[in-house]
Each structure stands twice: as structure tokens, then as C-alpha cells.
Amino acid sequence: MRNNTIFKINEPYIKLLESVERKAIEERRELKQQMHMKNLKVLQTDKNDMFTEYTFYANRKEEKRNYFNPAIRKKVLLILEEYF
């Protein structure tokens, strides 16, 4: 358990958060393995207050895309809600 926190959360909530964290880490590991097998790479190449740029590499091709930071945050929140 993590005792170095300023919040007082009951044990069941801590266990729930830890299980969500384990699930997210496992899904990320599986995704990275699939990307490696298909020779796909994604790199964050630039970031400012409003946008984040990612460069995608696949089949000897390169593509750059910009994503709106609030849209990224919203998508992450939706994914977290799915875990709960």
C-alpha cells in the first residue's frame, strides 16, 4: 500500500485504484507488443499549450498529426471511466 500520500482513502478505494492501474499497464504492454510485431512506431515530436504533435511510422512511411490537448484529456477521461 502507498502510505506516502496526503489523502486518507479507505482501503477498498485504494485496492480499486490499484486494480485499474494494473489493468491499464497490462493493456499498454499488450498494445506495445502488437505495435512492435507490426513494426509501428508513434513518437511525440512537439508540444505546446494547445496542441501535441505525434509522428507515426509504418511501412516505411512517416505521418505527422497534431491533436488538440483538451481533446486528448477528454479521451483519457473516457477511457478511465470505462475502467471503472
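This one's a predicted model, so the numbers in the text were calculated from it and none came from an experiment.

Draft legend 1. Quick look at unusual backbone geometry. A positive phi angle is found at Asn 39, which is not glycine, with a value near 55°. In this fold, Asn 39 is placed in the loop between α1 (11-37) and β1 (41-47).

Draft legend 2. Here's a closer look at the side chain of Thr 52. Mapped onto the fold, Thr 52 is located in strand β2 (residues 51-58). At 2.5 Å, the side chain of Thr 52 forms a polar contact with the side chain of Asn 69. Non-local contacts of Thr 52, meaning those with residues more than four positions away in its chain, are made with Gln 44, Asp 46, Lys 47, Arg 65, Asn 66, Tyr 67, Asn 69 and Ile 72.

Draft legend 3. Looking closely at the packing of aromatic side chains. One pass over the full model with this rule turns up two aromatic pairs. Taking 5.5 Å as the distance between ring centres and 50° as the angle between the ring planes, the aromatic pair formed by Phe 51 and Phe 68 counts as tilted. Taken together, the positions of Phe 51 in strand β2 and Phe 68 in strand β3 (residues 61-68) put the pair 17 residues apart, joining distant regions of the chain. A relative accessible area of 36% means that Phe 68 is categorised as partly exposed.

Draft legend 4. Focus on α1. Relative to the 39 Å expected for 27 residues at 1.5 Å per residue, α1 spans 39 Å between its end C-alpha atoms, a close match to the ideal helical length. Just past α1, the residue Asn 39 takes up positive phi, approximately 55°.

Draft legend 5. Examining the pattern of salt bridges more closely. Under the criterion given, the structure shown has four salt bridges. A salt bridge links Glu 63 to Arg 65; its shortest N-O distance comes to 2.7 Å. Note on Glu 63: relative accessible area 39%, which makes it partly exposed.

Draft legend 6. Up close: the pairing of β3. Of the pairings in the sheet, the one linking β2 to β3 comprises eight bridges and is antiparallel in character. Bridge pairing links Ala 58 to Lys 61 in β3. The turn linking β2 back onto β3 is made up of two residues, and Asn 59 within it adopts a positive phi angle of 50°.

Draft legend 7. Expanded view of the pairing of β2. Pairing of β1 with β2, which is carried by six bridges, proceeds in the antiparallel orientation. Across the sheet, Lys 47 pairs through a bridge with Thr 52, a residue of β2. Hairpin connection between β1 and β2: a loop of three residues separates the two successive antiparallel strands.

Reading the values: the criteria
- Residues numbered from 1 in each chain as written.
- Predicted model: local features only at pLDDT ≥ 70, side-chain atom pairs only at ≥ 80, totals over all residues.
- Heavy atoms only, no water.
- Helix = DSSP H or I, 4+ residues; strand = E, 2+ residues; numbered from the N terminus.
- Polar contact = N/O pair within 3.5 Å; in protein donor to acceptor, adjacent residues only side chain to side chain.
- Contact = heavy atoms within 4.5 Å.
- Phe/Tyr/Trp six-rings, centres within 6.5 Å; stacked < 30°, edge-to-face > 60°.
- Buried < 20%, exposed > 50% of the residue type's maximum accessible area, 1.4 Å probe, protein only.
- Expected span 1.5 Å × (residues − 1).
- Salt bridge = Lys/Arg side-chain N within 4 Å of Asp/Glu carboxyl O.
- Pairing = 2+ DSSP bridges.

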